[in-house]
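# Descriptive analysis of the structure
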Amino acid sequence: MKSTEYFETLKSHWTGQLVVCALGENSNEWWRLTRDLGSFHLHGGMGFASSFAMGLAYSLPDEEIWLLNSDGGVCMNLGGLLTEAQQQPPNLKHFLLSNRCYQCLLGAPLVNSEHTDYATIARGTGMRNVHRADSAEELNEALTSLGPEHAFVVSEVEPHRRDWRFEPPPPFPYEGPEAKYVFARHVERRTGRTIFGPRGY
């Protein structure tokens, strides 16, 4: 499926869940579609979006957490899948965009990109609720069938060419420490929990 189909299909099923976005295309496209301050854009730690989302799921058991991850990020932290498989928090939905390249690096290919099957890897770790989608229709079907348990959904998405030479800055109007405060203040208002003390940490 095309990248636009992928994100638009996800958005059509999104009902305000807290979203963790891996750096690059996931973060950029989700912001363009939603302008959602309840999404955390993890631009500073490639591979660790899954670890952050796991911690969030355990800290906020009454909230459903969506993780928009990439195959590049998973390759950077395959060990994170083992931890996720051991825990499988029921409020975590892990969506993996597999375009077999580093899209934000002008499509540089991933190692073993032609052969890696991320759905099979997930099942091999012991994840019980794994889906694979090769089209927007299959992704829509998978999203419709998700229940109140952990899920890992792999979508095969076509890479696309960009007209720029270097990665442009992220489209959202904040970054770094401000991203932390924007997201955490949103969570404070939404849940009534105190995250920051009087000194701001």
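Below, the structure is looked at part by part. (Residues numbered from 1 in each chain as written. Predicted model: local features only at pLDDT ≥ 70, side-chain atom pairs only at ≥ 80, totals over all residues. Heavy atoms only, no water.)

Turning next to the packing of helix α1 (residues 3–13) against helix α7 (residues 136–145). The contact between α1 and α7 brings their axes to 10 Å, and the two run at 25°. Our classification of the angle between α1 and α7 gives roughly parallel. Remark: the crossing between α1 and α7 carries right-handed chirality. Seen from α1, the contacting residues are E5, Y6, T9, L10 and H13; seen from α7, they are A136, L139, N140, L143 and T144. In terms of residue class, the contact of α1 with α7 is built from five nonpolar, four polar and one charged. (Axes fitted to C-alpha atoms, helices over the stretch in contact; angles between N-to-C directions. Helix = DSSP H or I, 4+ residues; strand = E, 2+ residues; numbered from the N terminus. Parallel < 35°, antiparallel > 145°, perpendicular 65-115°, else oblique. Left-handed = near helix turned anticlockwise from the far one by under 90°. Contact = heavy atoms within 4.5 Å. Nonpolar A, V, L, I, M, F, W, Y, C, P; charged D, E, K, R; others polar.)

There is a patch of like negative charges on the surface, built from E5, E8, E137, E138 and E141. Those elements that place two or more of their residues in the negative patch are α1 and α7. For the negative patch, the element with the most residues is α7, which contributes three residues. Within the element layout of this structure, E141 appears in helix α7. Since its relative accessible area comes to 58%, E141 is described here as exposed. (Patch = residues over 30% accessible without salt bridge, like charges linked within 9 Å, V, L, I, M, F, W, Y side chains within 5 Å. Areas by Shrake-Rupley, 256 points an atom, 1.4 Å probe, with all protein chains shown as cover. Salt bridge = Lys/Arg side-chain N within 4 Å of Asp/Glu carboxyl O. Lys, Arg positive; Asp, Glu negative; His and termini not counted. Charge placed at Lys NZ, Arg CZ, Asp CG, Glu CD. Buried < 20%, exposed > 50% of the residue type's maximum accessible area, 1.4 Å probe, protein only.)

Let us now look at the pattern of salt bridges. Evaluated as defined, the whole model comprises six salt bridges. Here R190 ties to E63 by a salt bridge, and the two come within 2.9 Å at their closest N and O atoms. Placement of R190 in helix α8 (residues 177–191) and of E63 in the loop between α3 (49–59) and β3 (65–70) is noted, with a sequence separation of 127 residues between them. Residue D134 pairs with R132 through a salt bridge whose shortest N-O separation is 3.0 Å.

This paragraph deals with the packing of α1 against helix α2 (residues 25–34). At a closest axis distance of 10 Å, the pairing of α1 and α2 adopts a crossing angle of 60°. Relative to α2, the element α1 lies oblique. Seen along the crossing, α1 lies across α2 with a hand that is right-handed. On α2, the residues touching S3, Y6, F7, E8, L10 and K11 of α1 are E25, N26, E29, W30, L33 and T34. Split by residue class, the contact of α1 with α2 holds five nonpolar, three polar and four charged.

With that out of the way, let us pick up the packing of aromatic side chains. Two numbers describe a pair of aromatic rings. These are the distance of the centres and the angle of the planes. Within this structure, the stated rule accounts for eight aromatic pairs. Ring geometry for F40 against F52: centres 4.6 Å apart, planes inclined by 15°, an arrangement best described as stacked. You can see F40 sitting in strand β2 (residues 39–42) and its partner F52 sitting in helix α3, a full twelve residues away along the chain. Overall, the relative accessible area of 10% leaves F40 in the buried class. Between F40 and F183, the aromatic rings sit 5.4 Å apart at their centres with planes inclined by 55°, giving tilted as the arrangement. (Phe/Tyr/Trp six-rings, centres within 6.5 Å; stacked < 30°, edge-to-face > 60°.)

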